[in-house]
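Observations on chain architecture
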Amino acid sequence: MSGMIDENKELAALDELFSLAGKYKNNSDFTKLMDFIGRFPAIAPYNAMLMHVQKPNAEYVLTASEWFRKFGLVIKPDARPIVILRPFGPVKFVFDFSDTEGDKSKIPEEIRNPFAVYGKIVDRGLIHSLYARLPALGIEKREDSKAMNDAGFLTVKRSSLTGSYTEFSNFGSQRVKILFTMSLNTNYPEEEKFITAVHELAHLFCGHIDLKIDNQYWPKRHFVDGKIKEFEAESVAWLVGRRLGLNNTSAASYLNKLLNADSKLPDVSLEYIIKSAAEIETLIKSKSIKPKKAVTIGDNK
């Protein structure tokens, strides 16, 4: 998302702020934050995080004008606004449902009870959307029959390490290089394959993969501990799945094993977890996606 706000710098600043303040360093606090962000699929992940910092008990937020226009509700005189980032502008002020007053008898259930838990992905077309856009990242997808404990993986193509690209694909009118192979277990249900794909993309966006080449598109964090990599990738997978309406039990189970309410959170990066979730959601939901320059070689003629 472009505009006056540099989201990368904003996220890095938030990461530093949380570190200095000691916020979300406790497993219980981290779990509450993740659950909160997961409950607001209509709000960008970093904005949901900002909301949690300011009002962790928020239920459903709109601007004052939206509350009045849509539901005839007005903001209470003593209500404090929640500040979030606005595309193409500095900030936006929103108010929680609890900060409104008026006739609430006809308010939709999605506002009265916005935290429903789903078991299936709301729009299965989003699965196809993700797969169809993988070439924009230089990724080829394939499905193979594997053991049931092997969900899949993302690997760097050898040709990308040498700089000699021998395999290509098409993305719209563009001819693109294949830098990675994503292999998914064909024996898995569609929802689980989708979550696996998100998990592997999280490794890429979090910088966990040693590309062995200079690039300006993916961070370089392949040196972090393996447990940290898995924790971050599983956090992203759970978060994206939850926000799409998918109850990701495997990721939840993995995270629960690592999280004890009274223990200290592993040295993970909230910045990269939130940023990666946002980038994957953009990849899935955006109306149009341009391939990264790192993989583009010209028009497909």
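Details of the structure are given in the entry above.
Residues numbered from 1 in each chain as written. Predicted model: local features only at pLDDT ≥ 70, side-chain atom pairs only at ≥ 80, totals over all residues. Heavy atoms only, no water.

1. Thoughts on the nonpolar core
Met51, Leu130, Ile139, Phe194, Leu201 and Ile280 are the most contacted members of the largest nonpolar core, which totals 68 residues. At the level of secondary structure, the elements contributing two or more residues to this core comprise helix H2 (27–38), helix H3 (45–54), strand E3 (82–86), helix H6 (125–133), strand E10 (180–185), helix H8 (190–205), helix H9 (226–243) and helix H11 (270–285). Ignoring sequence-local partners within four residues, the contact set of Met51 consists of Phe36, Phe40, Ile43, Pro56, Ala58, Val61, Ile82 and Ile84. Counting 8 residues, the second-largest nonpolar core is a separate cluster that includes Leu62, Trp67, Ile107 and Ile111. (Core = buried A, V, L, I, M, F, W, Y, C linked by side-chain atoms within 4.5 Å. Buried < 20%, exposed > 50% of the residue type's maximum accessible area, 1.4 Å probe, protein only. Helix = DSSP H or I, 4+ residues; strand = E, 2+ residues; numbered from the N terminus. Contact = heavy atoms within 4.5 Å.)

2. Let's talk about the sheet that holds strand E7 (residues 152–156)
With mixed pairing, the 3 strands of this open sheet are ordered in space as E6-E10-E7. Single-partner strands in this sheet number two, and they are strand E6 (139–144) and E7. Neighbour-to-neighbour, the strand axes of this sheet turn through a mean angle of 20°, independent of strand direction. Across 5 bridges, E7 lies against E10 in antiparallel orientation. The residue of E10 that forms the bridge with Leu154 is Met182. Of the strands in this sheet, E6, E7 and E10 touch H8, which is tilted by about 150° from E10. (Pairing = 2+ DSSP bridges. Axes fitted to C-alpha atoms, helices over the stretch in contact; angles between N-to-C directions.)

3. Observations regarding the sheet that holds E3
Sheet strands pair via backbone hydrogen bonds, and the direction of the pair is either parallel or antiparallel. Strand order in the open sheet formed by 3 strands is E1-E4-E3, with antiparallel pairing between adjacent strands. In this open sheet, the two strands that pair with only one neighbour each are strand E1 (61–62) and E3. Two elements, E1 and strand E4 (residues 89–96), share 2 bridges in a ladder whose sense is antiparallel. Directly across from Val61, in E4, lies its bridge partner Asp96. Packing against the sheet, H3 makes contact with E1 and E3, and its axis sits at approximately 165° to E3.

4. Things to note about the pattern of salt bridges
Using the criterion set out here, one finds 9 salt bridges in the structure. Two residues, Lys55 and Asp99, come together in a salt bridge whose shortest N-O distance is 2.8 Å. Remark: Asp99 occurs in the loop between E4 and strand E5 (100–101) and Lys55 occurs in the loop between H3 and E1; sequence separation between them is 44 residues. Both residues of the pair, Lys55 and Asp99, count as buried. The partner of Arg221 in a salt bridge is Glu232, with the nearest N and O atoms 2.9 Å apart. Taken as a pair, Arg221 in the loop between H8 and H9 and Glu232 in helix H9 lie far apart in primary sequence, 11 residues in all. Among the residues examined, Glu232 registers a relative accessible area of 0% and is labelled buried. The network of salt bridges with shared partners includes Lys141, Glu143, Glu190 and Lys193. (Salt bridge = Lys/Arg side-chain N within 4 Å of Asp/Glu carboxyl O.)

5. A few points about H3
For H3, the buried fraction is high: 8 of the 10 residues fall into the buried class. Listed in full, the buried residues belonging to H3 are Pro45, Tyr46, Asn47, Ala48, Met49, Leu50, Met51 and His52.

6. Here's the deal with the side chain of Arg133
Residue placement: Arg133 occurs in helix H6. From its side chain, Arg133 meets the backbone oxygen of Leu283 in a polar contact 2.9 Å long. When residues no more than four places from it in sequence are discounted, the contact partners of Arg133 are Phe171, Thr282, Leu283, Ile284, Lys285, Ser286, Lys287, Ser288 and Ile289. (Polar contact = N/O pair within 3.5 Å; in protein donor to acceptor, adjacent residues only side chain to side chain.)

7. Focus on the environment of Asp99
With a relative accessible area of 10%, Asp99 lands in the buried category. Sequence spacing of Asp99 and Ile75 is 24 residues, and the spatial spacing of their C-alpha atoms is 5.9 Å. Asp99 has contacts with Lys55, Val74, Ile75, Lys76, Ala79 and Arg80, leaving out every residue within four places of it along the chain. A polar atom in the side chain of Asp99 sits 2.8 Å from the side chain of Lys55.

8. Focus: the environment of Leu85
Of note, Leu85 is situated in strand E3. Of the residues examined, Leu85 reaches a relative accessible area of 15% and is grouped as buried. In this structure, the C-alpha to C-alpha distance between Leu85 and Ala48, residues 37 residues apart in sequence, is 10.0 Å.

Distances and angles like these do not, on their own, reveal function.
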